[in-house]
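# Structural overview for review
So the chains spell out like this:
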Amino acid sequence: MTIKSVYKSEIPAKINLSLEITGRADNLHTLKMLVCPYRGYSDIVEFYPNTDKTDIEIEIAEAYIGFDKARFLNFFNPKIKAIGQKLGIGGRLVVKKGVQLGAGLGGSSASIAGALSAICDCARELGKYTPLDTSFLLALGSDVPCMLFSKPCIVTGVGEIVLPVDLPFETDNFNVEIAEGGSDTAACYALYDRLKETGADTSACTDNADGANCYEHLNICGEEIALFKNDLTLPACRLNKNIQTLIIALKEKHNCVFLSGSGSAVVFKADKF
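Residues numbered from 1 in each chain as written. Predicted model: local features only at pLDDT ≥ 70, side-chain atom pairs only at ≥ 80, totals over all residues. Heavy atoms only, no water.

## Regarding the environment of Leu195
Within the secondary structure layout, Leu195 lies in helix H5 (residues 185-197). For the pair Leu195 and Leu234, spaced 39 residues apart in sequence, the C-alpha separation works out to 9.3 Å. Not counting chain neighbours up to four residues away, the residues in contact with Leu195 comprise Ala200, Thr202, Leu234, Pro235 and Arg238. (Helix = DSSP H or I, 4+ residues; strand = E, 2+ residues; numbered from the N terminus. Contact = heavy atoms within 4.5 Å.)

## Quick word on empty space enclosed by the protein
For the structure on display, the rule yields two cavities of 30 Å³ or more. Estimates place the volume of the largest cavity at around 70 Å³. Around the largest cavity, the lining residues are Pro12, Ala13, Lys14, Val35, Cys36, Pro37, Cys146, Met147, Ser150 and Lys151. Mapped by element, the contributors of at least two residues to the lining of the largest cavity are strand S1 (7-25), strand S2 (28-49) and helix H4 (144-147). Approximately 60 Å³ is the volume found for the second largest cavity. Lining the second largest cavity are 11 residues, and of these Cys205, Tyr215, Phe228, Asn230 and Thr233 sit closest to its centre. Partitioning the lining of the second largest cavity into residue classes produces six nonpolar, four polar and one charged. (1 Å grid on protein atoms, 1.4 Å probe; cavity = no way out; pocket = protein on both sides within 12 Å on 5 of 7 lines; lining within 4 Å. Points joined across faces, edges and corners; volume = space filled by probe spheres on them. Nonpolar A, V, L, I, M, F, W, Y, C, P; charged D, E, K, R; others polar.)

## Let's talk about the environment of Ile11
If you trace the backbone, Ile11 turns up in strand S1. Separated by 42 residues in sequence, Ile11 and Lys53 place their C-alpha atoms 26 Å apart. In this structure Ile11 touches Ser42, Asp43, Val99, Ala110, Ala113, Gly114, Met147 and Ser150, once residues within four positions along its chain are discounted.

## Considerations on the nonpolar core
Side chains that are nonpolar tend, in soluble globular proteins, to be buried together. Within the largest apolar cluster, 53 residues are counted, with the highest numbers of intra-cluster contacts made by Ile15, Leu17, Leu34 and Phe174. Those residues within four positions of Leu34 in sequence are excluded, and the remaining contacts are Ile15, Asn16, Leu17, Ser18, Cys153, Ile154, Val165, Leu167, Ile220, Ile225 and Leu227. Of all hydrophobic cores here, the second largest spans 29 residues; its members include Val45, Val95, Leu116 and Leu137. (Core = buried A, V, L, I, M, F, W, Y, C linked by side-chain atoms within 4.5 Å. Buried < 20%, exposed > 50% of the residue type's maximum accessible area, 1.4 Å probe, protein only.)

Structural data, given as C-alpha cells:
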C-alpha cells in the first residue's frame, strides 16, 4: 500500500462572539457559545507516518515570540500519545505554532485539532481509522470538536454539542489585540463562581463603567445569542488588569469590543452590524 510521505493540516484560531455560562454538569461549567475562526493566527501541523514505529515524535519547527515550549509540550504530548494509541499509528509530527497560548484563541486546541486531522487522514489511507467518539474528543480539549470544523459554530453543553452555522454578517474584518500577562482559564471560572456566590454583577464588562459593553441579540438556528457578551470578562479583568485597560482603550476608538474566551485576546470591529 502506497501512502503519502506527509499529511498536512492548518487550523485557524477561534474567537468567541459570545460566551454564556448556563450551569454545571459533572463539576464542569456548561456553556452556550458562538465561535468563529480567526485566520489572523493559525497552527500548521505536518504528520510524517512511519509504519515501523508505534509512537509519535513531536517537533516544534516554528513558534510565535514568547512561546512557552515546556508548558505546551506538557499539555500536548499526552494528547498526541492518546491519538496515536487510539489509531495505532506512529511517525513524526511537526508543529508550526502560530496561535498564542493563554489568549482565549484556542491555542492548545488548534494544535490538537490540526494533529488529529492530519493523523486521521493518514489512518484512513492505511485502513486504520476508527470513528472517534465525543468523549474522546473532549478529553483532548473542550474546543477541539468545534475547531475541527474551522467555520462558525454554536457550541453548547461542555463542548460536546457543536452546530456549524452560517452567520448573517461577515467576520473577516474582526481584529485582535492580546493583553500582556495572559489569562488562566481555570482561575477565571473559579473567580466567576465566587463572584456569583457573593451576588456580584457578573454581567459587567469591567470594573470600570467606561468599559461597559453593548450587546446585540441574534436568533441563529433557533438559538438566542447575546452577541459580544462574555460571562468571563469581569473575572478575566480582575485577574489581569491589562485586559481591562486594553478593553477600555479600544472602546475609545471602536464601537464593538469584546473578550474572546477567558482572554487575554480582545476582539474589536470598527463598524456596526
